[in-house]
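The lines below spell out each chain.
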Amino acid sequence: MTHNLLGPEPTLLPEHTEAQAALDSGTDPSSVAAEHPDYSEAWATLAERALADGETVSAYAYARTGYHRGLDQLRRAGWKGFGPVPWAHRPNQGFLRALAVLGTAAGRIGESEEYERCKTFLADSDPAAAEATGLK
C-alpha cells in the first residue's frame, strides 16, 4: 500500500491473539464474541453468517456491533475519523468486514443513505477492503 505523504498515517489495530486463535481454531464465533466482546472479527463472522442465512436484520445488528467496537479501537489507536485503515493488516479486517456487512444489510432493508455511507467509508479506508468484501 502506498502512503500519501500529506495524509494521516495508516491506522493499525492491535492484535487480539487469544480471540484470533480461538476463531481460527473453529470456536463458535458466538462464544468468541461473548468471551471477547471488543473483538470485531467475531462480530463480523456472525454478521456474515446471518447474511448468508437470509437473516438480514440479525446481520445488521451483529455488523453494527462489530463496527462500533472497531471504531472504539480505531480511536484509541489514534485515528481521527479519516485516513487509511489497511486491509492487509489482519486486525483491521474484522472492523472492515463488519462495515461491509453493515452496508450490505442496510442496502437490503432499504436504508440507502447508510449503504452509501458504508460503501464510501470502506473504499476510503482501503480500496482493497472494498474489493475483498465485494462492497464497491
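Structure shown above.
The structure contained in this document is the topic of the report that follows. Not measured: the values here are computed from a predicted model.

Details of the nonpolar core
F95 and L122 are the most contacted members of the largest nonpolar core, which has 27 residues in total. At eight residues, the largest contribution of residues to this core is made by helix α5 (residues 90-108).

Quick look at helix α6 (residues 112-125)
Residues separated by three or four positions in an α-helix point in the same direction, a consequence of the helix having 3.6 residues per turn. The end-to-end C-alpha distance of α6 is 20 Å, a good match for the 20 Å that 14 residues give at a rise of 1.5 Å each. Each element contacted by the buried residues of α6 is listed here: α4 (56-76), α5 and α7 (127-133).

Concerning the environment of E55
Along the polypeptide, E55 turns up in the loop between α3 (40-52) and α4. Sequence separation between E55 and K80 is 25 residues, and the spatial gap between their C-alpha atoms is 33 Å.

Concerning the packing of aromatic side chains
For the structure on display, the rule yields five aromatic pairs. Taking 6.2 Å as the distance between ring centres and 40° as the angle between the ring planes, the aromatic pair formed by W43 and Y62 counts as tilted. Remark: Y62 occurs in helix α4 and W43 occurs in helix α3; sequence separation between them is 19 residues. We classify Y62 as partly exposed; its relative accessible area is 29%.

Some remarks on the packing of α3 against α5
One can describe the packing of α3 onto α5 by two numbers: an axis separation of 8 Å at closest approach and a directional angle of 35°. Handedness of the crossing formed by α3 with α5: left-handed. Two secondary-structure elements touch here, α3 through S40, E41, A44, T45, A47, E48 and L51 and α5 through R90, G94, F95, R97, A98, V101, T104, A105 and R108. Taken together, the residues that form the contact of α3 with α5 break down as seven nonpolar, four polar and five charged.

Regarding the environment of E114
Within the secondary structure, E114 is located in helix α6. Judged by relative accessible area, which is 10%, E114 ranks as buried. When the C-alpha atoms of E114 and G103 are compared, they prove to be 6.5 Å apart, with eleven residues separating the residues in sequence. In contact with E114, other than residues within four places in its own chain, are Y60, R64, L102 and A106.

A look at the pattern of salt bridges
On inspection of all chains with the given rule, the structure shows nine salt bridges. D28 is the salt-bridge partner of R49, the closest N and O atoms lying 3.9 Å from each other. In this pair, R49 sits in helix α3 while D28 sits in the loop between α1 (17-24) and α2 (29-35), placing the two residues 21 residues apart along the sequence. Between E114 and R117 there is a salt bridge, with the nearest N and O atoms lying 2.9 Å from each other. With E114 and R117 both in helix α6 and three residues apart, this pair spans about one turn of that helix. Each of D24, E41, E48, R90 and R97 takes part in one network of salt bridges that share partners.

Some remarks on the side chain of E41
Following the sequence through the fold, E41 ends up in helix α3. Taking relative accessible area as the criterion, E41 reaches 7% and is therefore assigned buried. Within the structure, the side chain of E41 is placed 3.0 Å from the side chain of R90, a separation counted as a polar contact. Not counting chain neighbours up to four residues away, the residues in contact with E41 comprise Q20, L23, R90, G94 and R97.

Cut-offs and rules
- Residues numbered from 1 in each chain as written.
- Predicted model: local features only at pLDDT ≥ 70, side-chain atom pairs only at ≥ 80, totals over all residues.
- Heavy atoms only, no water.
- Core = buried A, V, L, I, M, F, W, Y, C linked by side-chain atoms within 4.5 Å.
- Buried < 20%, exposed > 50% of the residue type's maximum accessible area, 1.4 Å probe, protein only.
- Helix = DSSP H or I, 4+ residues; strand = E, 2+ residues; numbered from the N terminus.
- Expected span 1.5 Å × (residues − 1).
- Contact = heavy atoms within 4.5 Å.
- Phe/Tyr/Trp six-rings, centres within 6.5 Å; stacked < 30°, edge-to-face > 60°.
- Axes fitted to C-alpha atoms, helices over the stretch in contact; angles between N-to-C directions.
- Left-handed = near helix turned anticlockwise from the far one by under 90°.
- Nonpolar A, V, L, I, M, F, W, Y, C, P; charged D, E, K, R; others polar.
- Salt bridge = Lys/Arg side-chain N within 4 Å of Asp/Glu carboxyl O.
- Polar contact = N/O pair within 3.5 Å; in protein donor to acceptor, adjacent residues only side chain to side chain.

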